[in-house]
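An overview of the molecular structure
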Amino acid sequence: MNLSNRLLRQMGKPQLQIEIDEGSGFCFGVTTAIKKAEEELAKGGSLYCLGDIVHNGMEVERLHAMGLVTITHDDLRRLHDVKVLLRAHGEPPKTYELAKRNDIEIIDATCPVVLQLQRRIKRQYESSCESSAQVVIFGKNGHAEVLGLVGQTKGDAIVVENIDDVKRLDFQRDIYLYSQTTKSLDEFHRIIDYIQEHISPTATFKSFDTICRQVANRMPNIASFAARHDLVLFVSGRKSSNGRVLFNECRSVNPNSHQIESAAEIDMRWLEGVCTVGICGATSTPKWLMEECRDYLAPQPSKG
């Protein structure tokens, strides 16, 4: 019995109940990317990954120990005759062009949902570039996925992060609105409403709901999960934009929510007066990391 449960028993309180959210953890795209990396590493030889394969430092370290080397775009320009994995976020066309020039073999792990969105934006841009229409992407400036999407328009797409950004659009010109796959559905609809209210009667406005439902559906699910626990431990890398959105949702429902990157960040004082703990995470959070946090609170019996 661990210290927290021993103290609870001595005080006549029931044993701490811990639940890991079954809906948390890697999304399909991240799972596929990591599987491809593991398969390539098992063959031996060097494998590079353009950017962190996932926005979770612990998982990056695990794969690094297996031989995966994270590189930047500057590093890519200096490499020749190697294998490079493209993560689920996707890349702009210029990355593929550079790889071809440098005889780099691409292991493409771009999420199918992201890949489909890239193609849609490219078609839209090519069909509307002569009409001075605005291709607008609701997303985070500088995010890897967004850079890949903007790259489909030769850099011409306009990225909006909030209503203030939307106000700077030209409402006299046509607007075609898309979204980064991991953004909030509610925020997206607020932006749609604002544009509809301000668009000129002579201009065309079309919005395309390109938010991944596997991600969007986690919002209501994680809110329900957070509401039924005294304490919530949200396990996520702090670089994860999806993690920030989901953690804020947890905290809005349950103020006694804490974001941690690993079990080492757990403060046992958080357990005072707590009977149930819910452990959940982002689409970039590995299941094993949530299990480590559970085991830190209540060590599991050894097998065999």
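Above this text you will find the structure in question.
What counts as what
Residues numbered from 1 in each chain as written. Predicted model: local features only at pLDDT ≥ 70, side-chain atom pairs only at ≥ 80, totals over all residues. Heavy atoms only, no water. Core = buried A, V, L, I, M, F, W, Y, C linked by side-chain atoms within 4.5 Å. Buried < 20%, exposed > 50% of the residue type's maximum accessible area, 1.4 Å probe, protein only. Helix = DSSP H or I, 4+ residues; strand = E, 2+ residues; numbered from the N terminus. Contact = heavy atoms within 4.5 Å. Pairing = 2+ DSSP bridges. Axes fitted to C-alpha atoms, helices over the stretch in contact; angles between N-to-C directions.

Attention shifts here to the nonpolar core. If you look at the biggest cluster of nonpolar residues, it comprises 18 residues, and the most contacted ones within it are Val166, Leu169, Phe171, Ile175, Leu177, Ile195 and Phe205. Listing elements by their share of this core, those giving two or more residues are β6 (134-138), β8 (175-179) and α9 (185-198). A total of five residues in this core trace back to one element, the largest contributor, which is α9. The residues touching isoleucine 175, leaving out its near neighbours within four places in the chain, are Gln134, Val136, Leu169, Asp170, Ile195, Ile199, Thr204, Phe205 and Lys206.

Now for the sheet that holds strand β9 (residues 205-207). Strand order in this open sheet of four strands is β7-β6-β8-β9, and the pairing throughout is parallel. Only two strands of the sheet have a single partner each, and these edge strands are β7 (158-160) and β9. Each neighbouring strand pair of the sheet contributes to a mean axis angle of 25°, computed without reference to strand direction. Relative to β7, β6 runs parallel, the two being bridged by three bridges. The partner of isoleucine 137 across the bridge, within β7, is valine 159. Along the sheet, helix α6 (residues 112-128) makes contact with β6 and β8, crossing β8 at roughly 170°. Seen against the sheet, α9 touches β6, β8 and β9 and runs at an angle of roughly 175° to β8.

That's the geometry; what it means functionally is another story.
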